[in-house]
Amino acid sequence: MRTTQFFLATLKEAPSDAEIVSHKLMLRAGLIKRLAGGIYSWMPLGLRILRKVENIIREEMDRAGAIELLMPAVIPAELWQETGRWEMYGPELLRFKDRHQRDFVIGPTHEEVITDVVRREIRSYRQLPLHLYQIQTKFRDEIRPRFGVMRGREFLMKDGYSFHASYADLQREYRNMHDTYTRIFTRLGLSFRAVAADTGSIGGTGSHEFHVLADSGEDAIAFCADSDYAANVELAEGVAPANPRNVHTEHMKKVATPGKTRCEDVAALLELPLAKTVKAIAVMHEEQFLLLLIRGDHTLNEIKASKLPFLNPFRFASDEEVERFLGCRPGYIGPVGIDQGIPIVADRTVAQMSDFVCGANEAGYHLTGVNWSRDLREPDHVFDIRNVVEGDSSPDGKGSLSICRGIEVGHIFQLRTKYSEAMKASFLDEAGQPHAMEMGCYGIGVTRIVGAAIEQNHDERGIIFPRAIAPFEVAIAPIGYGKSQSVRDAANTLYAELRSAGIDVLMDDRDERPGVMFADLELVGIPHRVTIGERSLKEGMVEYQGRREATAAKVPLTEICAYVRERLRA
RNA sequence: CGGGGUGUAGCGCAGCCCGGUAGCGCGCCUGGUUUGGGACCAGGAUGUCGGAGGUUCGAAUCCUCUCACCCCGACCA
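Each chain has its residues counted from 1, running along the sequence as written. To read the labels, note that chains go from A and ligands from 1, taken in the order they are written. Where totals are concerned, whole chains, interfaces and linings use all residues; where local detail is concerned, this predicted model gives features only for residues with pLDDT of at least 70, and gives and counts side-chain atom pairs only at 80 or more. Hydrogens and water are ignored here; the side-chain numbers use all heavy atoms of the structure.

(A) Expanded view of the nonpolar core. Take the buried Ala, Val, Leu, Ile, Met, Phe, Trp, Tyr and Cys residues and link them wherever side-chain atoms come within 4.5 Å; each set so joined is a nonpolar core. For every residue, the accessible area (1.4 Å probe, protein chains only) is compared with the maximum for its type, and the residue is labelled buried under 20%, exposed over 50%, or partly exposed between those bounds. Core analysis: the biggest nonpolar cluster contains 61 residues, and Leu 31, Tyr 181, Phe 185, Leu 188 and Ile 449 have the highest contact counts within it. What counts as a domain boundary in this text is fixed by an automatic or database domain assignment. Here this core gathers at least three residues from each of two domains, domain 1 (46-236 + 403-454) and domain 3 (472-569). Ignoring sequence-local partners within four residues, the contact set of Tyr 181 consists of Met 61, Lys 158, Phe 210, Gly 410, His 411, Ile 412, Tyr 442, Gly 443 and Ile 444. One finds Leu 293, Val 336, Met 353 and Val 370 within the second-largest nonpolar core, a separate group that totals 27 residues. Note on definitions: a residue-residue contact is assigned when non-hydrogen atoms from the two residues lie within 4.5 Å.

(B) Structural view of the pattern of salt bridges. The salt bridge criterion pairs a side-chain nitrogen of Lys or Arg with a carboxyl oxygen of Asp or Glu, the two atoms within 4 Å. This structure, assessed with the given rule, holds 43 salt bridges. We note a salt bridge from Arg 85 to Glu 111, for which the minimum N-O separation is 3.2 Å. Of the two residues, Arg 85 sits in helix α4 (residues 85-88) while Glu 111 sits in helix α5 (residues 111-121), which places them 26 residues apart along the sequence. There is no split in this pair, since Arg 85 and Glu 111 are both buried. Linking Arg 529 and Glu 522 is a salt bridge whose minimum nitrogen-to-oxygen distance equals 3.1 Å. By relative accessible area, which is 12% here, Glu 522 ends up buried. A run of H or I in DSSP counts as a helix once it spans at least four residues, and a run of E counts as a strand once it spans at least two, with each numbered from the N terminus.

(C) Focus on the sheet that holds strand β4 (residues 74-76). Whether two strands pair depends on DSSP finding at least two bridges between them. Read from one edge to the other, the open sheet built from three strands follows the order β4-β6-β5, with strand pairing classed as antiparallel. Single-partner strands in this sheet number two, and they are β4 and β5 (95-97). For this sheet, the mean inter-axis angle between neighbouring strands, taken without regard to orientation, is 40°. Two strands pair when backbone bridges link them, and β4 and strand β6 (residues 103-106) are joined in this way by three bridges, in the antiparallel orientation. Axis definition: a line fitted to C-alpha atoms, limited for helices to the stretch in contact. Angles are taken between N-to-C directions and run from 0 to 180 degrees.

(D) Seen up close, the pairing of strand β7 (residues 130-139). With nine of 10 residues buried, β7 is to be regarded as a mostly interior element. Where strand β3 (residues 67-68) and β7 come together, two bridges link them in parallel fashion. From the neighbouring strand, Ile 67 faces β7, where its bridge partner is Leu 132. Bridge analysis of β7 against strand β8 (residues 154-164) gives 10 bridges, and the strand direction is antiparallel. Following the sheet pairing, Phe 139 is matched in β8 by Glu 154.

(E) Representation of the side chain of Asp 159 in the model. Looking at where Asp 159 falls in the secondary structure, it is placed in strand β8. Judged by its relative accessible area of 2%, Asp 159 falls in the buried class. Within 3.5 Å is the distance limit for a polar contact, defined as a pair of N or O atoms, with the added protein rule that one can donate a hydrogen and the other accept it, and that residues adjacent in sequence qualify only through two side-chain atoms. Only 3.0 Å separates the side chain of Asp 159 from the side chain of Lys 138, close enough to count as a polar contact. Engagement of the side chain of Asp 159 in a polar contact is seen with the side chain of Tyr 161, the distance being 2.6 Å. If we skip the residues at most four places from it in the chain, Asp 159 touches His 110, Leu 132, Tyr 133, Gln 134, Lys 138, Tyr 442 and Gly 443.

(F) Quick look at the protein's contact with RNA strand B. We define proximity as follows: a residue is near a molecule or strand when any one of its heavy atoms falls within 4 Å of that partner. The full set close to RNA strand B counts 46 residues, and Arg 144, Thr 299, Leu 300, Ile 333 and Glu 543 are the nearest of them. Sugar and phosphate atoms form 48% of the subset of RNA strand B atoms that lie within 4 Å of the protein. Taking Thr 261, its main chain carries an N or O atom lying 3.4 Å from a phosphate oxygen of RNA strand B. Lys 279 is positioned with one of its side-chain polar atoms (N or O) 2.9 Å from a base oxygen of RNA strand B. Listing elements by their share of the surface near RNA strand B, those giving two or more residues are β14 (278-285), α14 (514-523), β29 (528-532) and α15 (534-537). No other element matches the seven residues that α14 contributes to the surface near RNA strand B.

Here it is in structure tokens:
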């Protein structure tokens, strides 16, 4: 491709609403243009990247035995009513009516449609297993679309669904997809990690997320350096401290802590470690008021708490409710001396604490030297309700946890028979008996991968694409293209050679000043560049510059084609 | 949905407090000089000042409504 025949739309300054580096760079490089919140056009250069990602996914899915199809983006409401998701889904589901006042949705996911397809086609165990997938535009009306393409409302997704005659076969395919995803993200050239994930209400034995590792990621991942344990922090288990509760050494004492409503402030005032404090979080489950206890330096994991039957669902108590049930305004509440009718739910860590600090249920006062049994009743419930932190023991008992951040780009899970039962997708076994099909579901955020790849691969000059998804693999930058016959000849010859070798090459024939060409070619992330100028050409040399390399290499013109091909192989 | 903020040229912004008929940088167009890291000189084009209404002799500026976008609201007892 020649630049003059293509469409480059680079910007020196990024629009001010871009927050993270990948969003800024995608805008500056002219990969995408925003049309509305979370809705973007993919410009020609960006589309080339998207297509490359898509093709790698397609190749690997096909290789793994899945079969591509394409389902409609617009789905009649009846299918969603059949599974109950029409009611379950909130405003995130974009609903509309057609001219006959029939309800439709724009598909945020396609379990219903695929299950409908399969139940009409599949009768016998002999037709199973079957894995169908599509690469298609989805729409989710996110509360807060942001970060450009990372959390968009309209986005491209690969979603695959597998159907099986037995759970064992579903597990087999699940492992197959785990391997396939690993191959896909490896081929994409990304640094990633598969982590155990929350299965949500769906259940089943397994769910894994694939995360591209990046500091700007929205998810926190807990992993163990000494084993292969890795889990989303939402899920990672906070194990009970190995040491038993210490013997108490202090008497309970009421201390004045005026204006100190946060554990941090109280600890600072009393000159105690934050880990000696306990924060009480007042919540409501229906009409029941409860107190959750978390160590001062820990944070509540709302997902874990929500899963407890006596808390599902819960909300934070209002200030008025706190006053009503504890007779004290928020900031100084604690578990000591409270009514028997208010259940105390302690985190495992808190249950092991001794001589701790908590609110005195009296404005302006806290209690120190508090101990279970002696000063207050033992907690009514002890559960893991906090987020794990760096240094916690790994749940598999093999060392300690580290925390890093990631961008979720893939998710696989075992749906089992949730949809097949709701939608009566059944097959006949060898004995002629009907069974609901076992289902698996496997998604990859195609659009998001582009953002994630940039988030992971950039420098102050712009994007550095991994070769597999670079819009062009090599750029030719001829200096004085319009003026110098020798430069033009050398550039045209190299361009033709690289093209005939099947390499994706961009020739910058704009006759721009070198600085402009270099800046653009670097910004858009082309991994290899050959600079051809009259000066070095006189000595029969051209220059090769790797996007990640600090210095350029002089290479004889006669060898440059072979040289580039060699670098591409590396 | 609450709290805050911003909408002025393709992009980044000033002007608004204190009303007087719109400006800067980049980009764009023309001509010339340049040509190995975002050139220089000269000339030029581009705005319903987000929209509607109001106040006023006069509104980008003041008032009301509205729309769009951004940020915060997820550790707080």
